[in-house]
Amino acid sequence: PTPLDWPCASRPVSPAWGFSVLLHSCFSDWAAAIRVAALDCAEEENHEVCRAYDIHFYPTFRYFKAFTKDFTTGENFKGPDRELQTVRRTMIDFLQNHTDGDRPPACPPLDPARPSDVLSLLDSRDGRYVAVLFENNSSYVGREVILDLLPYENIVVKRVLNGDKGFLEKFGVSSIPSCYLIYPNGTRGLINVGKPLRSFFSSYLKSLPDVRKKMLSLPEKPNKEENPEIVVWREFDRSKLYAADLESGLHYILRVELAAHKSLAGAELRTLKDFVTVLAKLLPGRAPVRKLLETLQEWLANLPLDRIPYNAVLDLVNNKMRISGIFLVNHIKWVGCQGSRPEFRGYTCSLWKLFHTLTVEAGTHPEALDGTGLEADPQAVLQTIRRYVHTFFGCKECSEHFEEMAKESMDSVKTADQAILWLWKKHNLVNSRLAGHLSEDPKFPKVPWPTPDLCPACHEEIKGLHSWNEDQVLLFLKRHYGGDNLVDTYAADQGDTSLRPPRALPPGPRLSDGSQLGLDGRLQSPSGAEGRREVEAAVPFLGMGFSSLDMSLCVVLYVASSLFLMVMYFFFRVRSKRWKVRHHRPSV
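As named in an unreviewed UniProt entry, the chain is Sulfhydryl oxidase, taken from Ursus maritimus. As recorded by UniProt, the Cofactor (unreviewed entry) comment attached to the chain reads in full: "FAD". Among the UniProt annotations of the chain, the heading Catalytic activity (unreviewed entry) holds the following wording: "2 R'C(R)SH + O2 = R'C(R)S-S(R)CR' + H2O2".

The topology assignment puts Cys337 in the loop between helix 11 (310-317) and helix 12 (347-364). C-alpha separation for the pair Cys337 and Thr348, spaced 11 residues apart in sequence, amounts to 8.6 Å. The residues touching Cys337, leaving out its near neighbours within four places in the chain, are Asp245, Arg345, Gly346, Cys349, Ser350 and Lys353.

Turning next to the state of the cysteines. Evaluated as defined, the whole model comprises 3 disulfides. Covalently, Cys337 is tied to Cys349 through a disulfide, its sulfur atoms 2.1 Å apart. In this structure the cystine formed by Cys337 and Cys349 twists about its S-S bond by roughly -70°; its chirality is therefore left-handed. Within this pair, whereas Cys337 is found in the loop between helix 11 and helix 12, its partner Cys349 is found in helix 12, the two being separated by 12 residues in sequence. Taking relative accessible area as the criterion, Cys337 reaches 0% and is therefore assigned buried. Residue classification places Cys349 among the buried positions, given a relative accessible area of 15%.

Moving on, we come to the packing of helix 13 (residues 380-392) against helix 14 (residues 396-409). Helix 14 packs onto helix 13 with a crossing angle of 150° between their chain directions and a minimal axis gap of 9 Å. When the interaxial angle is binned, helix 13 and helix 14 end up roughly antiparallel. As helix 13 runs across helix 14, the sense of the crossing is left-handed. Judged by residue contacts, Ile385, Arg386, Val389 and His390 of helix 13 engage Ser399, Phe402, Glu403, Ala406 and Lys407 from helix 14. Among the residues making up the contact of helix 13 with helix 14, the classes are represented as 4 nonpolar, 2 polar and 3 charged.

A word on the side chain of Arg62. Tracing the backbone through its elements, the reader meets Arg62 in strand 3 (residues 60-63). Within polar-contact distance, the side chain of Arg62 engages the backbone oxygen of Thr73 at 2.9 Å. For Arg62, the side chain forms a polar contact with the side chain of Asn76, separated by 2.7 Å.

This next bit is on unusual backbone geometry. The omega torsion of the bond from Ile176 to Pro177 falls at -5°, within 30 degrees of zero and hence cis. The topology assignment puts Pro177 in the loop between helix 6 (165-170) and strand 8 (178-182). Here the amide bond leading from Trp449 into Pro450 is cis, since omega sits at 5°, within 30 degrees of zero. By the element assignment, Pro450 lies in the loop between helix 15 (416-434) and strand 15 (459-462). Phi is positive for Asn319, which is not a glycine, with a value near 55°. Locating Asn319 in the fold gives a position in the loop between helix 11 and helix 12. For Arg345, which is not a glycine, the phi torsion comes out positive at approximately 60°. Summarising the element assignment, Arg345 is placed in the loop between helix 11 and helix 12. Assessed through its relative accessible area of 27%, Arg345 is described here as partly exposed.

Taking 1.5 Å as the rise per residue, helix 9 (residues 266-282) with 17 residues should run 24 Å; its terminal C-alpha atoms sit 24 Å apart, in good agreement. Judged by how many residues are buried, helix 9 sits mostly within the fold: 13 of 17 residues are covered.

In spatial order, the strands read 7-5-8-9; together these 4 strands make up an open sheet with mixed pairing. Two strands bound the open sheet, and with one partner strand each, they are strand 7 (155-161) and strand 9 (188-190). Between one strand axis and the next, the sheet turns by 20° as a mean value, whatever way the strands run. Along the sheet face, helix 7 (residues 198-206) touches strand 5 (129-135), strand 7 and strand 8 and points at about 15° away from the line of strand 8.

Turning our attention to the packing of helix 12 against helix 13. Two quantities define a packed helix pair, namely the angle between the helix axes and the distance between the axes. Relative orientation of the contacting elements helix 12 and helix 13 amounts to 155°, with a least axis distance of 10 Å. Of the possible angle classes, the one that applies to helix 12 and helix 13 is roughly antiparallel. Remark: the crossing between helix 12 and helix 13 carries right-handed chirality. In contact with Tyr347, Phe355, Leu358, Thr359 and Ala362 of helix 12, helix 13 contributes Val381, Leu382, Ile385, Tyr388 and Val389.

What counts as what
- Residues numbered from 1 in each chain as written.
- Predicted model: local features only at pLDDT ≥ 70, side-chain atom pairs only at ≥ 80, totals over all residues.
- Heavy atoms only, no water.
- UniProt positions renumbered as here; feature names shortened; annotations may be inferred.
- Helix = DSSP H or I, 4+ residues; strand = E, 2+ residues; numbered from the N terminus.
- Contact = heavy atoms within 4.5 Å.
- Disulfide = S-S within 2.5 Å.
- Buried < 20%, exposed > 50% of the residue type's maximum accessible area, 1.4 Å probe, protein only.
- Axes fitted to C-alpha atoms, helices over the stretch in contact; angles between N-to-C directions.
- Parallel < 35°, antiparallel > 145°, perpendicular 65-115°, else oblique.
- Left-handed = near helix turned anticlockwise from the far one by under 90°.
- Nonpolar A, V, L, I, M, F, W, Y, C, P; charged D, E, K, R; others polar.
- Polar contact = N/O pair within 3.5 Å; in protein donor to acceptor, adjacent residues only side chain to side chain.
- Expected span 1.5 Å × (residues − 1).
- Pairing = 2+ DSSP bridges.

Below you can see the structure in the form of structure tokens.
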């Protein structure tokens, strides 16, 4: 969307679709002054745009001033919360921050009117209603009502501050906010609404005779196909774990969430290394996917750098080096995680399944973590998940809630079985909190899990109250998220698709090792311009999947090999001459 050339202030939201629907419905009358748009960063076609605009978390709010032509990433929303009232007021502040030269032409004056201007309106006879809202300086009611009535004709709305007590008495105003209405025929007086709220004032004024919506000429929206793509429903068994869901989740992690970070260093890089190690060692699945994770883990573990560009990770995930036998699906195909609409379930569902699978596999195959620095610690997988969610998970609010749960009780986990149950309890706690939320899929309500039809033995009643049989829940979780319950129905057909359980890899360098080598072979931490040059040095070279660092290493090895061969050549040549001199016999 560049260059931007929008004749109104615009506000992309990403990708909390339930919230964006509310924004559209609540601010539709403001569209001539400020437009609300939503961009779903989970869609593959939007990945490049979201990276260009440096979107790290969802929902991210950005404001773009009207008539912006040069590329800009916009102004970040700085409100203390995501409540609609806070967002609405911040939008008004943003509009008022426009100068006269770049103010949207359809945006009415939002500054308070002077008493003299209001007095002149009393004698005007232009056939329109004039509504004057009296309020204090901190109130937003007047400005909200002005924008609410923006698309309506035959009415003008002004706001006046309550600084002049005598002026208020002249109009009979005894409390604020209050609305004084001047009718087209000249009659005037305070209006009586049920409550002095924005919605009551706006509703009353919109219902006046001859006040009607006018036709607005907004910029045309991009043409869309009349017949949108039909979403194919995939039948699935709720008692099974689907490889397609786990692989789609991996695709989103490695190609979408990590893409929000142009380079990885310090705690971010250590978190990625540990998380990939846990995936490579524990995640069951198809052989090509497991081999890709193993390759990525070994590459990260042996990498002599303390900063890497994300593109280097992406090149390996996309197998630019054409390594035989590795593959990860490059699109999303939800099966057990599909929702009744595209915005429901999906990635968050797959992420929970992925996390549950990792805790179960860590409990049933503890030897898989030997030699990684994560062995013999029942909290190791949970703590790695916690760090990943805190560092990379796009939903900022969700990561904060997860961190609160972890701080509260994760330290109480003393065994692998307790780790499995801890994650299950917290998952149910999240489901309970989000039940009835806009993000809930009506066809898949958020209820305590597992449900009685999946695990009857998990449910009990004690004195008429529901109770969990945690021993049975543990058995169910181990069975449901175990490798034997994983099926590859609907999974993309690429290479060797046989499902394999996790296996231990040869021990590699410990992930807790501290110092690492820079590009010049010395201990360092790239920063500033030098660091940026090192990052830029690893972008793809000639579109071949090789970086300039790779090519430099090749050149160094080539030169070293040539020098070695030359040294060996001269060594044997000199040695040959000496041998000839030593064994020379002059002829008689």
